[in-house]
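Residue-level listing of the chains:
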Amino acid sequence: MTKEFDCGLDLLTVYRNLQDTEVLQQFRWLCTALDRQDEEMLPECYSGVLHALYEAGTNDLGVYLRRSVLEDENSFNRNILEAPAYLEKAAAFDLELLEKVAKISADRVKKAAKGLLPAGLPEWENTPLGLDVEKVKAYHKQHGYGIFAKYDVCCWNGRLEGVGNPDPISLDSLVGYEAQREMVIKNTKSLLGGQRSNNILLYGDRGTGKSSTVKAVFNQLKDQGLRLIELTVNQIHYFPEVLAGLCPWLKYIIFIDDLAFETKDRDYTSAKALLEGSANALHQNVVVYATSNRRHLVSEYFADRGGEVHTADSIEETLSLADRFGVTITFLSPSREEYHNIIYSMLDLEALGMTKEEVNSLAQKWEMLYNGRSGRTAVQFVRALKSGNIQDYI
């Protein structure tokens, strides 16, 4: 291979995973084609580099490499808090090598191709990598590594996967239930501060903002090293695998929406083990926030009370799961006055040309037709009212 384009990617050790990325695979083939002055390979490999960059969302080789380095998971960044000297030395070598690659411009490639590339081909840009070991360590201490350096919110799908477009809801957009939200905020700040924090059960009626509260509090504090992992009820038994994949110095909210069990199944047992601190239970950097419409989380039927000698013990055990949350926060449906106040806070009555009495009358009809009084119902009513087509719905 020509000395100018002997990019040395085969020498990567710490960041060897980057060899498998489409961009660097295409780039290595391009270097090989340049070495051979292969008239057939060169146009295809050159275009392949550009295509791979475009698919990665950029036209800049240096930007792509920087992002790849910071989002990689490897032996160096997993041990960033106390990385041995040999790993730091190896990482430094790799970063210097990747800096050289980041500087290889399309113009240089075209000149080295000696007329074997068609005229007019687009070019990529070359922002310097701009990373050394200390900068990389500082980044990972704040953002974590791997999937947690790339995504703030993750879910479980046989493995942890990033959520590309999480709910952007903010605390400013929520109305009412200020006392309840403040409890969640304080508990989450305790987690971030390394102080004792509790698992929280947010219990209450539908549409009262339980899930929105968790997501809005997370969005407010996520830049302080906080991540959110969403699990469904039937994924609770995967808790050990989830916990094993966490970055130990970040803080995590495990969020379970609509937590409820029809029977005391394996997920119920897993949830109890998780919350009471048995084997494979929570780390100190993790809290569980769950929402539910059921105060005691497990459906109870009269038939469940028959056929057992110790019926009271059975019922008590069934109801005990909710007690294993350190804090239960209740979200009740708003009174009519509270419901109206929520609506007023989202409206400019003067701009609408309506009186409170007129709005109240329509709001009352709306709640009777659509799921009763709640914050969600109020938002839906206001949306319909602002559309100017409220009469189409009531």
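Below: a short report on this structure.

When helices and strands are tallied, the protein shows 17 helices and 7 strands. Counting the 394 residues in the protein, one finds 46% classified as buried. The long-range fraction of contacts in the protein, counting pairs at least 24 apart against all pairs at least 6 apart in sequence, stands at 75%. Roughly 20300 Å² of accessible area belongs to the protein as shown, and the carbon and sulfur atoms make up 47% of that amount.

Let's shift gears to unusual backbone geometry. In most cases, non-glycine residues show a negative phi, while peptide bonds are predominantly trans. Even without being glycine, Q37 reaches a positive phi, approximately 50°. Within the fold, Q37 resides in the loop between α1 (22-36) and α2 (41-55). Its identity as a non-glycine residue notwithstanding, D258 has a phi of 60°, on the positive side. Assignment of secondary structure puts D258 in the loop between β5 (251-256) and α12 (266-276).

Scanning the model with the defined rule gives 9 aromatic pairs in all. Pairing W366 with F381 gives two aromatic rings, centres 5.9 Å apart and planes at 65°, and the pair type is edge-to-face. Taken together, the positions of W366 in helix α16 (residues 356-369) and F381 in helix α17 (residues 375-387) put the pair 15 residues apart, joining distant regions of the chain. A relative accessible area of 5% places W366 in the buried class. Plain terms: the ring middles of W366 and Y393 are 5.8 Å apart, the flat faces sit at 65° to each other, and that makes the pair edge-to-face. Taken together, the positions of W366 in helix α16 and Y393 in the segment after α17 put the pair 27 residues apart, joining distant regions of the chain. Residue classification places Y393 among the partly exposed residues on the basis of a relative accessible area of 43%. Through a chain of ring-to-ring contacts, three or more aromatic side chains come together here, namely W366, Y370, F381 and Y393.

Let's shift gears to the pattern of salt bridges. Inspection of the entire model under this criterion finds 11 salt bridges. For K111, the salt bridge goes to D107, with nearest N and O atoms at 3.3 Å. A residue pair is termed a helical-turn pair when its members lie 3 or 4 positions apart in one helix, as K111 and D107 do in helix α6 (residues 106-113) at 4 residues. What makes K111 exposed here is its relative accessible area of 61%. What makes D107 partly exposed here is its relative accessible area of 33%. The partner of R227 in a salt bridge is D152, and the shortest N-O contact between them spans 3.8 Å. Separated by 75 residues along the polypeptide, R227 in strand β4 (residues 226-231) and D152 in the loop between α8 (147-150) and β1 (153-156) bring together distant segments of the chain. R227 gets classed as buried once you look at its relative accessible area, which sits at 3%. Salt bridges sharing common partners tie together E88, E134 and K137.

Cut-offs applied
Residues numbered from 1 in each chain as written. Predicted model: local features only at pLDDT ≥ 70, side-chain atom pairs only at ≥ 80, totals over all residues. Heavy atoms only, no water. Helix = DSSP H or I, 4+ residues; strand = E, 2+ residues; numbered from the N terminus. Buried < 20%, exposed > 50% of the residue type's maximum accessible area, 1.4 Å probe, protein only. Contact = heavy atoms within 4.5 Å. Areas by Shrake-Rupley, 256 points an atom, 1.4 Å probe, with all protein chains shown as cover. Phe/Tyr/Trp six-rings, centres within 6.5 Å; stacked < 30°, edge-to-face > 60°. Salt bridge = Lys/Arg side-chain N within 4 Å of Asp/Glu carboxyl O.

On their own, these measurements won't tell you what the molecule is for.
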